[in-house]
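Next come the chains, spelled out residue by residue.
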Amino acid sequence: MILTCIIVDDEPLAVRLLESFVNKTPDLQLLGSFTDSVEAINAIREQKPNLLFLDIQMPDLNGMELAHMLPEGTKVIFTTAFKEYAYESYEVSALDFLLKPIRYNKFITAVEKAREWFDLENRGGRGGTEAREHEDISASMTSPAPSTIFLKVDGEYRQVALDKILYVAGMKDYVMFYLEDQKRPLVTHLTMKSVEDMLPTSQFMRVHRSYIVALDKIRSVDRNDCIYIGEEIIRVTEAFRDKFIQYLNSKFPGGK
């Protein structure tokens, strides 16, 4: 698959470096480069690239602000000299975060991560539409579900049984899978959204921006909507509370 991309950085030298990286990377097509973020947003909306290599600290319209204005389907790889922005990049679901000065091997790693994301989307693993993302729980219970998934961990693919997963936690540009009978999580480069769509909704639910839980592994839920699972206590946040309460009510009518 050829991934189209646009570069936005107010430093001309940084733009030229990224252009050279794109030009020597197979299956990457550069649609344009911009040093003015305001000018760039119009081109991005018109051309709808797959990828945006985006600097964060820019005049007029900074990278974080621009990231909230992108068309659906355009994913961001942030480029910046300031590592303190890493957490903010996670907030806007960036695919990766490249710290300047950027090395080509790091650039390639980020591009491969993007390829995995788009490959998964094209195979239908991400659910496709908002309607499917918010489908009724009772309908999802009847959908066939896989019994295992493959995760890329430490450069190799590992097959993981779904019934061994306790919960999934996101941290910056990493996702950690906590499994039964294993003290250390499996760490992989994925977004929480891609994991959410990868896991069957009949078995897993996102209850927090940073947590997805295995529903049958929940030991208890207290009156403050805190889930007790494994050795962790996870608070259900407001954005996900209604769906979780709907699930509880489907299991225990009138109980919550």
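Up top is the structure these notes are about.
Here the structure is a predicted model, which means the values were calculated and not measured.

What counts and what doesn't
- Position numbers for residues count from 1 along each chain, tracking the sequence in the order it is written.
- Two thresholds apply to this predicted model, a pLDDT of at least 70 for residue-level local features and 80 or more for giving and counting side-chain atom pairs, whereas whole-chain, interface and lining totals are computed over all residues.
- Calculation of side-chain values draws on the structure's entire complement of heavy atoms; hydrogens and water are dropped beforehand.
- Numbered from the N terminus, helices here are DSSP runs of H or I no shorter than four residues, and strands are runs of E no shorter than two.
- A simple rule labels every residue: compare its accessible area, found with a 1.4 Å probe on the protein chains alone, to the largest value its type can have, and call it buried under 20%, exposed over 50%, or partly exposed in between.
- Any two residues whose heavy atoms approach within 4.5 Å are treated as being in contact.
- In these tables, accessible area is a Shrake-Rupley quantity obtained with a 1.4 Å probe, and a residue counts as shielded only by the protein chains included in the view.
- Centres within 6.5 Å make a pair out of two Phe, Tyr or Trp rings, where for Trp the six-membered ring is used; the pair is then stacked when the planes are under 30 degrees apart, edge-to-face when over 60, and tilted otherwise.
- In this scheme, Lys NZ or Arg CZ marks a charge over a ring once it lies within 6 Å of the ring centre and within 35 degrees of the ring normal.

When you go through the protein chain residue by residue, the secondary structure sums to 9 helices and 15 strands. The 256 residues of the protein chain split such that 46% are buried. Taking all contacts inside the protein chain whose residues are at least 6 apart in sequence as the whole, residues at least 24 apart take part in 52%. Just so you have it, the protein chain exposes about 13800 Å², and 49% of that area is on carbon and sulfur atoms.

Okay, the packing of aromatic side chains next. For the coordinates displayed, the defined rule picks out 8 aromatic pairs. Seen in terms of ring centroids, Phe53 and Phe107 are 5.1 Å apart; in terms of plane orientation they differ by 25°. Their pairing is stacked. Taken together, the positions of Phe53 in strand β3 (residues 51-55) and Phe107 in helix α5 (residues 104-122) put the pair 54 residues apart, joining distant regions of the chain. Members of the aromatic cluster, each reached through a chain of ring pairs, are Phe21, Phe53, Tyr104 and Phe107. Of note, Lys24 hangs over the ring of Tyr104, and the distance from its end group to the ring centre comes to 4.3 Å.

Inspection of the secondary structure assignment puts Pro49 in the loop between α2 (37-47) and β3. Pro49 sits 23 residues away from Glu72 along the chain, and the two C-alpha atoms are 9.9 Å apart. The residues contacting Pro49, other than those within four sequence positions of it, are Thr4, Cys5, Ile6, Leu31, Ile44, Gly73 and Thr74.

This part takes up the environment of Ala110. With respect to the helices and strands, Ala110 occurs in helix α5. We classify Ala110 as buried; its relative accessible area is 0%. Considering only alpha carbons, one finds Ala110 and Asp96, 14 residues apart in sequence, at a separation of 5.9 Å. If near-sequence neighbours (up to four positions away) are discounted, Ala110 is found in contact with Ile77, Asp96 and Leu98.

In short, the description is geometric, and any link to function would need to be established separately.
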